[in-house]
Amino acid sequence: MSDHDTVPADVEHEEEIPEDHPRYQDLLTRHRIERGVEKGITHLQGMHAEGRGSAFDYLLGEETTPSANEAERAAAAVLLLAEHPVLSINGNVAALVPGEMVELAAVVDADLEVNLFNRTPERIEAIADHLRDHGAEEVKGIEADARIPNLEHERAKVDGDGIFDADVVLVPLEDGDRAEALDAMGKTEIVVDLNPMSRSPRVADVPIVDNIIRAIPNVTEHARKLADREEAELEAIVEAFDPEAALEAAEERIRTGAVDG
Ligand code: PTJ
């Protein structure tokens, strides 16, 4: 029996998962989602979402593809150019990358806003507290004094000085209806989603087909490198990015295993 066969199914702390395990990222992700459910941060449906994501990640080779890296660089440029960028946080995002989202918000000077599909006051509070535990100073989405037009009641709730006012919104692991409604409001959308055939990445200006646990730190790294570039250079990066080509490259990789250039 190898060491890896001895990894217990239910580890207490994520440090117990051996980093050299061939499925390390998947085990880590599952563990964080389970803990998120236990803490009241992640909805039970978040486990299904994670399962779907995990299957696509397996087919993508569980790595950031060259076209995903390009999308992550374009996302960094879009965020740096934005007047009022907002990073939207749901229960899966909070469980998987709380500190990483706080760090990205600091680097690109964005707001953090809790915005849930299955909204309850308890979950909103638990997620806001969790983000504060990871260094967030201000968390929006609690007041929810504005609405995304043409979307059913609870899911439409946003802050008037947050997502409602934003010019650029990063919406990871988003449901298709809300992504379309935000698009209809004229927002520039950056979507992180492992399924390139899902509606949300298809309406995004910048679709990132990558696991959020790899995507967010990479967007932050790009943003750090691009922070002192001229606006014209950032605009050229955004201009050169082709969302259709990014989605096609991801789908090709999933269907054939072929690596894009
Ligand atoms: O916390 P709430 O109440 O806002 O609910 C959040 C979930 C994610 C449960 C809700 O938005 C939902 O049901 O979403 P969907 O429709 O299942 O879409 C989630 C998408 O995220 C799917 O296309 C998955 O493939 C994708 N996904 C799942 N895990 C990851 C992911 N994409 C990137 N990284 C992941 N780790």
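Since we're looking at a predicted model, the values are computed, not measured.

Calculation rules
Residues numbered from 1 in each chain as written. Predicted model: local features only at pLDDT ≥ 70, side-chain atom pairs only at ≥ 80, totals over all residues. Heavy atoms only, no water. UniProt positions renumbered as here; feature names shortened; annotations may be inferred. 1 Å grid on protein atoms, 1.4 Å probe; cavity = no way out; pocket = protein on both sides within 12 Å on 5 of 7 lines; lining within 4 Å. Helix = DSSP H or I, 4+ residues; strand = E, 2+ residues; numbered from the N terminus. Contact = heavy atoms within 4.5 Å. Patch = residues over 30% accessible without salt bridge, like charges linked within 9 Å, V, L, I, M, F, W, Y side chains within 5 Å. Areas by Shrake-Rupley, 256 points an atom, 1.4 Å probe, with all protein chains shown as cover. Salt bridge = Lys/Arg side-chain N within 4 Å of Asp/Glu carboxyl O. Lys, Arg positive; Asp, Glu negative; His and termini not counted. Charge placed at Lys NZ, Arg CZ, Asp CG, Glu CD. Buried < 20%, exposed > 50% of the residue type's maximum accessible area, 1.4 Å probe, protein only. Core = buried A, V, L, I, M, F, W, Y, C linked by side-chain atoms within 4.5 Å. Points joined across faces, edges and corners; volume = space filled by probe spheres on them. Nonpolar A, V, L, I, M, F, W, Y, C, P; charged D, E, K, R; others polar. Domains from an automatic or database assignment.

As recorded in UniProt, the sites labelled "binding site: ATP" (unreviewed entry) are Arg30, Arg52, Asp193, Leu194, Asn195, Arg199, Ser200, Asn211 and Ile212. A maximum C-alpha distance of 24.1 Å shows the annotated residues, which cover 183 residues in sequence, to be distributed over more than one spot. The annotated residues that sit in the lining of the largest pocket are Arg52, Asp193, Leu194, Asn195, Arg199, Ser200, Asn211 and Ile212. Here arginine 30 shows up in helix α1 (residues 24-38). Mapped onto the fold, asparagine 195 is located in the loop between β6 (188-192) and α8 (199-203). Residues within four places of asparagine 195 in sequence aside, it is in contact with Phe56 and Pro201.

Turning to a negative patch on the surface, a few remarks are in order. Together, Glu83, Glu230, Glu231, Glu235 and Glu239 make up a region of like negative charge exposed at the surface. The residue glutamate 83 is located in the loop between α3 (66-81) and β1 (85-89) in this model. Its relative accessible area of 73% is what places glutamate 83 among the exposed residues.

Turning our eyes to something else, we now look at the nonpolar core. Within the largest apolar cluster, 49 residues are counted, with the highest numbers of intra-cluster contacts made by Leu87, Met101, Ile190, Val206 and Ile208. Not counting chain neighbours up to four residues away, the residues in contact with valine 206 comprise Ala71, Ala74, Ala75, Val78, Glu189, Ile190, Val191 and Phe241. Membership of the second largest hydrophobic core comes to 14 residues, among which are Val86, Ala146, Ala166 and Ala204.

Reported here for the largest pocket is a volume of approximately 670 Å³. In terms of lining, the largest pocket is formed by 32 residues, of which the most central are Ala49, Arg52, Leu173, Glu174 and Asp175. For the lining of the largest pocket, the elements supplying multiple residues, two or more each, are α2 (45-59), α4 (91-96), α7 (176-184) and α8. If one sorts the elements of the lining of the largest pocket by residue count, α2 sits on top with 8 residues. Considering only residue class, the lining of the largest pocket consists of 9 nonpolar, 14 polar and 9 charged. Residue-level mapping places the lining of the largest pocket at the junction of two domains, with at least three residues from each of domain 1 (14-59) and domain 2 (66-253). Looking at the second largest pocket, its volume works out to about 280 Å³. Surrounding the second largest pocket, 17 residues form its lining, Glu14, Arg32, Arg35, Lys39 and Ala95 being those nearest its centre. Those elements giving two or more residues to the lining of the second largest pocket turn out to be α1, α4 and α5 (98-108). Top element by residues in the lining of the second largest pocket is α1. It accounts for 4 residues.

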